[in-house]
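Secondary and tertiary structure notes
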Amino acid sequence: MNGRDSDWEENLTVEKLLQIKKYSYPKIIVKINGQLIDREHYTSTPIHDGDDVKVIHLLAGG
């Protein structure tokens, strides 16, 4: 994840990964193998062993 190896487990979903990593930021985007995952699909989108997962915390600025 984010360029670092992470432990993978059976039935891992985007939502479960965010819980495991304790990501609670209000504005997060997730990409798996370069494909943007919509927030409404976090609970149903599986993460497979070897997938390239990017979790990006968006910051407000000006």
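Scope of this entry: the structure provided in the associated data block. (Residues numbered from 1 in each chain as written. Predicted model: local features only at pLDDT ≥ 70, side-chain atom pairs only at ≥ 80, totals over all residues. Heavy atoms only, no water.)

1. Section: the overall build of the protein
Helix and strand counts for the protein stand at 1 helix and 3 strands. Traced from its N-terminal end to its C-terminal end, the protein shows the element sequence α-β-β-β. Every one of the 62 residues in the protein was classed for burial, and the buried ones make up 24%. Looking at the protein as shown, the accessible area adds up to about 4800 Å², and 48% of this sits on carbon and sulfur atoms. (Helix = DSSP H or I, 4+ residues; strand = E, 2+ residues; numbered from the N terminus. Buried < 20%, exposed > 50% of the residue type's maximum accessible area, 1.4 Å probe, protein only. Areas by Shrake-Rupley, 256 points an atom, 1.4 Å probe, with all protein chains shown as cover.)

2. Let's talk about the environment of asparagine 11
Following the sequence through the fold, asparagine 11 ends up in the segment before α1 (14-20). Owing to a relative accessible area of 62%, asparagine 11 belongs among the exposed residues under this scheme. For the pair asparagine 11 and isoleucine 47, spaced 36 residues apart in sequence, the C-alpha separation works out to 7.7 Å.

3. Digging into the packing of aromatic side chains
Using the criterion set out here, one finds 1 aromatic pair in the structure. When the centroid spacing of 6.0 Å and the interplanar angle of 50° are considered together, the rings of tyrosine 23 and tyrosine 25 count as tilted. On the basis of relative accessible area, tyrosine 23 is assigned to the partly exposed category, the value being 25%. (Phe/Tyr/Trp six-rings, centres within 6.5 Å; stacked < 30°, edge-to-face > 60°.)

4. Considering the nonpolar core
Leu12, Val14, Leu17, Leu18, Ile28, Val30, Ile32, Ile37, Tyr42, Ile47, Val53 and Val55 form the largest nonpolar core, which has 12 residues in total. Residue assignment for this core shows that the elements contributing at least two residues are α1, β1 (28-32) and β3 (53-57). When sequence neighbours within four positions are dropped, the list of residues in contact with valine 14 reads Val30, Ile32, Ile37, Tyr42, Thr45 and Ile47. (Core = buried A, V, L, I, M, F, W, Y, C linked by side-chain atoms within 4.5 Å. Contact = heavy atoms within 4.5 Å.)

5. A look at the pattern of salt bridges
Summed over all chains, the structure comprises 1 salt bridge. Here lysine 54 ties to aspartate 52 by a salt bridge, and the two come within 3.3 Å at their closest N and O atoms. The partly exposed category is assigned to aspartate 52, whose relative accessible area is 35%. (Salt bridge = Lys/Arg side-chain N within 4 Å of Asp/Glu carboxyl O.)

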